[in-house]
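# Remarks on the overall topology
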Amino acid sequence: LEFQEFSIKDYIFIIRLHSKKILFFVMLGFIVGLYLNLVTPPNHVATASVIINDKPGAGMVMDFSGNRGQDRMSNAIQMIKSRGIAIETVKTLWPEYKNNLDLFGSYPFYPRGRRLRMYFKNIFKFKGEKVTEKRMFYEEPYTEKIGNKFAAIIENKINVYHLPNTDILKISYSSVWAAEARLIVNT
């Protein structure tokens, strides 16, 4: 078999022949990339470090396996990620921040281009009802129902991991607002 090598003229001919397809896909990629850049909410992660210490000599008498430190860290991780800690966090934040956090739906992130998206949603809505994205406003005091509702959100967004060979835990929380992530992880 004999292979024919392409010359530069052949490549230019192929590019000219398919130039409309190439231009279409480049423009499509640009438009999709621009749209995703405009509507994707940011993800800010705040991290706090916590040192877990025991009282000197506590539990050393019965520690025959040497795994007490690892068990202690695993217990601390589970406690920090527990529903009870999340509920206490909501209880602490609710009085002052109930109308100022994305966690509670009272200070949501609205990406650029929201007005145009709402316009198109209302055009394609069938039953004549208008689609709106409303910010929540709360006047009621903290209740157990509120605590359970928002504690689930905190549990899903919080991460706790142990730094190997240390007594340090890293606690991180992600939010669309950097100040909110910092506030929740510190609380």
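Counting restarts for each chain: residues are numbered from 1 in the order of the written sequence. Where totals are concerned, whole chains, interfaces and linings use all residues; where local detail is concerned, this predicted model gives features only for residues with pLDDT of at least 70, and gives and counts side-chain atom pairs only at 80 or more. As a convention, hydrogens and water are excluded, and side-chain values are obtained from all of the structure's heavy atoms.

Another point: the overall build of the chain. Numbering of helices and strands runs from the N terminus; a helix is a DSSP stretch of H or I covering at least four residues, while a strand is a stretch of E covering at least two. Along its length, the chain carries 7 helices and 3 strands. When the helices and strands of the chain are read in sequence order from the N terminus, they spell out α-α-β-α-α-α-α-β-β-α. Each residue's exposure class comes from its accessible area (1.4 Å probe, protein chains only) as a fraction of the maximum for that residue type: buried when under 20%, exposed when over 50%, partly exposed otherwise. Counting across all 187 residues of the chain, residues that qualify as buried make up 24%. Every accessible area reported is derived by Shrake-Rupley at a probe size of 1.4 Å, with residue values counting cover from the shown protein chains alone. When the accessible surface of the chain is totalled, it reaches about 14,300 Å², and 61% of it is carbon and sulfur.

The next subject is the pattern of salt bridges. Within this document, salt bridges are pairs made up of a side-chain nitrogen of Lys or Arg and a carboxyl oxygen of Asp or Glu, the two lying within 4 Å of each other. Under the defined criterion, the tally for this structure stands at 2 salt bridges. The partner of Arg72 in a salt bridge is Asp167, and the shortest N-O contact between them spans 2.9 Å. Of this pair, Arg72 sits in helix α3 (residues 68-80) while Asp167 is found in the loop between β2 (158-162) and β3 (168-175), placing the two residues 95 residues apart along the sequence. Assessed through its relative accessible area of 31%, Asp167 is described here as partly exposed.

Turning our attention to the sheet that holds β3. Pairing between two strands is assigned when DSSP locates at least 2 bridges connecting them. Spatially, β1-β3-β2 is the arrangement adopted by the 3 strands of the open sheet, whose pairing is antiparallel. The sheet is open, and its two borders are formed by β1 (44-51) and β2, each paired with just one other strand. Sheet twist, expressed as the average angle between the axes of neighbouring strands with direction ignored, equals 20 degrees. Judged from the 8 bridges that link them, β1 and β3 form a sheet pairing that is antiparallel. From the neighbouring strand, Ala46 faces β3, where its bridge partner is Tyr173. By definition, residues are in contact when any of their heavy atoms lie within 4.5 Å. For helices, the fitted line uses only the C-alpha atoms of the stretch in contact; every axis is such a line through C-alpha atoms, and the angle between N-to-C directions lies from 0 to 180 degrees. Its contacts with the sheet put helix α6 (residues 144-157) on β2 and β3, and the angle it makes with β2 is roughly 45 degrees.

So, about the side chain of Lys98. Considering the arrangement of structural elements, one finds Lys98 in the loop between α4 (83-97) and α5 (114-123). Whenever two N or O atoms come within 3.5 Å, that pair is a polar contact, provided that in protein one can donate a hydrogen and the other can accept it, and provided that, for residues adjacent in sequence, both atoms are side-chain atoms. A polar contact of 3.5 Å, which involves the side chain of Lys98, links it to the backbone oxygen of Glu140. When sequence neighbours within four positions are dropped, the list of residues in contact with Lys98 reads Leu93, Phe104, Ser106, Tyr138, Glu139 and Glu140.

As a further point, take the packing of aromatic side chains. Working definition: a ring pair exists when centres of Phe, Tyr or Trp rings (six-membered ring for Trp) sit within 6.5 Å. Plane angles under 30 degrees give stacked, over 60 give edge-to-face, the rest tilted. Evaluated as defined, the whole model comprises 9 aromatic pairs. Taking the centre distance of 5.7 Å and the plane angle of 65 degrees together, the rings of Phe109 and Trp177 count as edge-to-face. With Phe109 in the loop between α4 and α5 and Trp177 in the loop between β3 and α7 (178-186), the pair connects residues that are 68 residues apart, well separated along the chain.

Put simply, the largest pocket is a space of about 210 Å³. Taken together, 16 residues form the lining of the largest pocket, with Ile80, Ile85, Ile158, Val185 and Thr187 sitting closest to its centre. For the lining of the largest pocket, the secondary-structure elements that each account for two or more residues are β1, α4, α6 and α7. When residues are sorted by character, Ala, Val, Leu, Ile, Met, Phe, Trp, Tyr, Cys and Pro go into the nonpolar class, Asp, Glu, Lys and Arg into the charged class, and all the rest, Gly among them, into the polar class. For the lining of the largest pocket, a count of residues per class yields 10 nonpolar, 4 polar and 2 charged. Think of a 1 Å grid over the protein atoms and nothing else: a 1.4 Å probe that fits but is trapped marks a cavity, an open set flanked by protein within 12 Å on at least five of seven lines marks a pocket, and residues with an atom within 4 Å of a point count as lining. Grid points are joined across faces, edges and corners, and a volume is the space filled by probe spheres set on the points.

So, on to the pairing of β2. Side-chain alternation along β2 places Ile158, Val160 and His162 on a buried face and Asn159 and Tyr161 on a face that remains uncovered. In this sheet, β3 lies alongside β2 in antiparallel orientation, the contact comprising 5 bridges. Within the sheet, the bridge partner assigned to Val160 lies in β3 and is Ile171. Here β2 folds back onto β3 in antiparallel fashion, the turn holding 5 residues, of which Asn165 has a positive phi close to 60 degrees.

Moving on: the nonpolar core. Residue types Ala, Val, Leu, Ile, Met, Phe, Trp, Tyr and Cys, when buried and joined through side-chain atoms within 4.5 Å, form a set referred to as a nonpolar core. Leu103, Phe104, Phe150, Leu169 and Tyr173 are the most contacted members of the largest nonpolar core, which has 27 residues in total. When residues of this core are traced back to their parent elements, those giving at least two are β1, α3, α4, α6, β2, β3 and α7. For Leu169, the contacting residues outside a window of four places in its chain are Ala48, Ser49, Val50, Ile52, Met73, Ala76, Ile77, Ile80, Val160, Tyr161 and His162.

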